[in-house]
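Residue-level structure breakdown
If you want the building blocks of each chain, they are given just below.
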Amino acid sequence: MAITTKIRPRALVRASGGPRYALALAVDALGTGLLRPFLLLYGVTVLRLSAPATGVAMTVGIVVGLVCMPAVGRWLDRGARSTVVAASMLVRALGVALLLATPAGHVWLFATAALFLGIGNQAWPAAHAALVATVAHGRERDAALAGGRALRNAALGAGALLATACLAGGTTALQALAAVTGLAYLAAAALAWSVHLRAHPAAALTEDTADGPAPRMRALLAANVVYVFCLNVPEIALPLVLVTQLHASPVWSAAIFVANTVLVVTLQVPVTVLMSRFPRRTVLALGGVVLAGSYLGFLAATSLGHGWGAPAVATVSVVCTIGEIIYAGSATALVTALAPARVLGRALARFELSTGFGLAVSPAAITALAPHGPAALWGSLAAATLFSASAVATEKDQGTRLDGCQSGIRRAGIRRAG
């Protein structure tokens, strides 16, 4: 198995789909950063909906959007790659158009717009991972997936900062930001579609004899639901604890969120490359251990009370971010390594279903546990994550292939149209 030990920017861009596709990712994420953090605010201020109604509509959109994943998986398994990525962006552009056309007070139209945005947001990660898995192989693929995440986080952060600076313009500014987001999605879709990348159907026939049965990945999928809680820790758990339990300034929450973004952007690729000398499953289990350790660190930090508590939480958040980076750099890569190419789309769709479910339930779980005290919140998260890491480490891989064999098969099956 080839091990990536050096970061070569040009090779990384090629392995990620090429310059045009990288530009599509940046434009798409920039547009997403302009609107997604402020979608709730748009519903409340522009459409004059109640906060509970807006929140429920957004949650329903995310959850119902998961229903599309089996169809996305089958589409990918028929060979589509860049077309599915472009379609996920176009669906979100339609959602923004519906958002702009929604009159004040119409919660159902807002819910429909949130549904289309949810469909696009759920479909994109699986489509992107399938495209990268078709272009890159072995540990180069892991680095390419990590590079895409770093690029996306950088553009998301830039978009959010730009939107924050424009919020002084009130409702007009929010509507303008939504319009720019829609245009960004359209431009990104055009760039992604222009790559014209698909997997040749003949590759699946060859792999039927080489790959064996598709892996069930039950432990991995179940563990992923718990692992993904870490993505909502900087946005939900820490602000809640800092403000309501430690009575700290909201500035601490903002600083932690910015630090999380900067660390992911700068360290995602180097950490993934560094971890490439170890088996992916071992790395993913290690990520769970680091996350569980950070949760116990938060438990200790909150016991310090007002004064030292907030700085301690901020310090431990760095460890949590490292755990998030290890998890993000190994989880999707492990799925792409386990799944035969003929069912890669369906395997990624199932993985995204578990991710989406974890993201959907984690805010409710965190806010339900927090009032019962730090031990209930952080102790429960630590125990569940350690158990998940143990399940990942002990699950046996069935139906896996050597990356070298997979690479040869997939290279035979890649086709660029046009």
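So, about the environment of Ile 322. Residue position: Ile 322 is located in helix α15 (residues 309-338). Measuring from C-alpha to C-alpha, the distance between Ile 322 and Val 290 comes to 7.6 Å, with 32 residues separating the pair along the chain.

Moving on, we come to the pattern of salt bridges. The full count for this structure, using the stated rule, is 7 salt bridges. Ionic pairing is found between Asp 28 and Arg 92, a salt bridge with its closest N-O pair at 2.9 Å. Taken together, the positions of Asp 28 in helix α2 (residues 19-35) and Arg 92 in helix α6 (residues 82-101) put the pair 64 residues apart, joining distant regions of the chain. Neither residue differs from the other here; Asp 28 and Arg 92 are each classed as buried. Here the residues in one salt-bridge network are Asp 28, Arg 92 and Arg 152, joined through shared partners.

Residue position: Thr 321 is located in helix α15. For Thr 321, a relative accessible area of 4% gives the class buried. Among all residues touching Thr 321, those that are not within four sequence positions of it are Asn 260, Leu 263 and Val 264.

Bringing the confidence of the model for the chain into the picture now. Scored by pLDDT, the chain comes out at a mean of 88, with 89% of its residues at no less than 70. Long-range and interchain partners of residues 202-211, a stretch whose pLDDT sits below 50, account for 18 contacts in this model, where long-range means more than four residues apart. Scored below 50 in pLDDT, residues 399-413 shows 43 contacts in the model against residues more than four places distant or in partner chains.

Moving on, we come to helix α4 (residues 51-65). Taking 1.5 Å per residue, 15 residues should reach 21 Å; α4 reaches 21 Å between its end C-alpha atoms and fits that length. Among all positions of α4, only Thr 54, Ala 57, Gly 61 and Gly 65 are buried. Buried residues of α4 fall within an arc of 65 degrees about the axis and therefore sit on the same side. In this structure, α4 carries Pro 52 and Val 56 as exposed residues pointing more than 90 degrees from its buried face. Along its buried surface, α4 packs onto α3 (39-46), α5 (69-77) and α7 (107-135). By the N-cap criterion, in which a side-chain oxygen at the helix start approaches the backbone nitrogen of a residue two or three places on, α4 is capped by Ser 50, the distance to Ala 53 being 3.2 Å.

If you look at the biggest cluster of nonpolar residues, it comprises 79 residues, and the most contacted ones within it are Tyr 295, Phe 298 and Trp 378. Residue contributions to this core peak at 12 residues, all from α15. In this structure, Phe 298 is in contact with Val 233, Leu 238, Val 313, Val 316, Ser 317, Cys 320 and Trp 378, ignoring residues within four places of it in sequence. In this structure, Phe 38, Leu 47, Phe 110 and Ala 163 belong to the second largest nonpolar core, which totals 21 residues.

Looking now at the state of the cysteines. Across all of its chains, the model carries 0 disulfides by this definition. Not part of a disulfide, Cys 230 finds its nearest cysteine sulfur in Cys 320, a span of 6.1 Å. A residue is classified by how much of its surface remains accessible, and Cys 320, at 3% relative accessible area, is buried.

What counts and how
Residues numbered from 1 in each chain as written. Predicted model: local features only at pLDDT ≥ 70, side-chain atom pairs only at ≥ 80, totals over all residues. Heavy atoms only, no water. Helix = DSSP H or I, 4+ residues; strand = E, 2+ residues; numbered from the N terminus. Salt bridge = Lys/Arg side-chain N within 4 Å of Asp/Glu carboxyl O. Buried < 20%, exposed > 50% of the residue type's maximum accessible area, 1.4 Å probe, protein only. Contact = heavy atoms within 4.5 Å. pLDDT = per-residue confidence, 0-100. Expected span 1.5 Å × (residues − 1). Arc of directions from axis to C-beta. Polar contact = N/O pair within 3.5 Å; in protein donor to acceptor, adjacent residues only side chain to side chain. Core = buried A, V, L, I, M, F, W, Y, C linked by side-chain atoms within 4.5 Å. Disulfide = S-S within 2.5 Å.

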